[in-house]
Amino acid sequence: MADILSISSSAVGVYQRVLGVVSNNIANVGNADYVKQDASIGQTPPTFDGRNFMGTGAVFEGVQRQYNAFIETTLRNATSNLAGQNALVSYANRVVDFMGSGEIGLSPALDRFFSAARNLSADPASPVARNTFLREVDGVASRFRDLSTQLQQVEAETQLAMKSDLSEVNSLATQLGRVNLELSRLRSLDRQPPTLLDQRDKLLREISDRL
């Protein structure tokens, strides 16, 4: 009877802790940075009564995250590649837009320049043709100045964005260092707090998004 009560009592304690893990999973179902946790249960060593080995109940062994290192690493790499490509495409599209613009793009101005040059070569003595050609030369030069200004602005914005990202990465790296310091206090992965591991993965993803 004593064994039954002891086993039952320990089982209640074990499953109370298991229900705690399940409740925590339910509570964090909407948390994108949370990794689902599993409770691990093992059996306690059996006893030998002289004829048979008798079970002595169960023990709560710990909590493990449903974590796949390969998937997490692949996600971080894909996030980093996507962030880099998005920035490159955004700035490239801006350059293409103003290079092809009718207001500051080169193509319309060059078309008028070469048309004026052909007219002047056909009638070099014409004052109208000379004045038109000189005006179009000034127009082409003005377009080059406008394009240079636009390109310098894009370069300045790129540098500013890089400095901002670098500042954020440094801040995130500092936070990651503190988390790793806490994790290093418990060298066994099974004993490290799942919450800290979730926080570490979140910081790594945020860093990947800025590289």
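This text follows the structure it describes.
Keep in mind the model is a prediction, meaning the values are calculated, not measured. (Residues numbered from 1 in each chain as written. Predicted model: local features only at pLDDT ≥ 70, side-chain atom pairs only at ≥ 80, totals over all residues. Heavy atoms only, no water.)

**Topic: the overall build of the protein chain**
Then, number 1: Of regular secondary structure, the protein chain possesses five helices and four strands.
Then, number 2: Ordering the α and β elements of the protein chain from the N terminus gives α-β-β-β-β-α-α-α-α.
Then, number 3: On C-alpha atoms alone, the protein chain measures out to a radius of gyration of 35 Å, which is more than a quarter above the 17 Å that the 2.2 N^0.38 rule sets for 211 residues.
Then, number 4: Dimensions along the principal axes, computed over C-alpha positions, put the protein chain at roughly 125 × 25 × 25 Å. (Helix = DSSP H or I, 4+ residues; strand = E, 2+ residues; numbered from the N terminus. Rg over C-alpha atoms; globule rule 2.2 N^0.38 Å.)

**Some remarks on the packing of helix H2 (residues 69-99) against helix H5 (residues 194-208)**
Then, number 1: At their nearest, the axes of H2 and H5 sit 8 Å apart, and the two run at 25° to each other. Overall, the two elements H2 and H5 adopt an arrangement that is roughly parallel. Contacts from Glu72, Leu75, Arg76, Thr79 and Ser80 in H2 reach Asp201, Leu204, Arg205 and Ser208 in H5. (Axes fitted to C-alpha atoms, helices over the stretch in contact; angles between N-to-C directions. Parallel < 35°, antiparallel > 145°, perpendicular 65-115°, else oblique. Contact = heavy atoms within 4.5 Å.)

**Re the packing of aromatic side chains**
Then, number 1: Under the definition given, this model contains two aromatic pairs.
Then, number 2: Centre to centre, the rings of Phe113 and Phe114 are 5.2 Å apart; their planes meet at 70°, and the pair counts as edge-to-face.
Then, number 3: Arranged with centres 5.4 Å apart and planes meeting at 35°, the rings of Phe113 and Phe133 form a pair that is tilted. Taken as a pair, Phe113 in helix H3 (residues 106-122) and Phe133 in helix H4 (residues 127-184) lie far apart in primary sequence, 20 residues in all.
Then, number 4: Cluster of aromatic residues (ring-pair linked, three or more members): Phe113, Phe114 and Phe133. (Phe/Tyr/Trp six-rings, centres within 6.5 Å; stacked < 30°, edge-to-face > 60°.)

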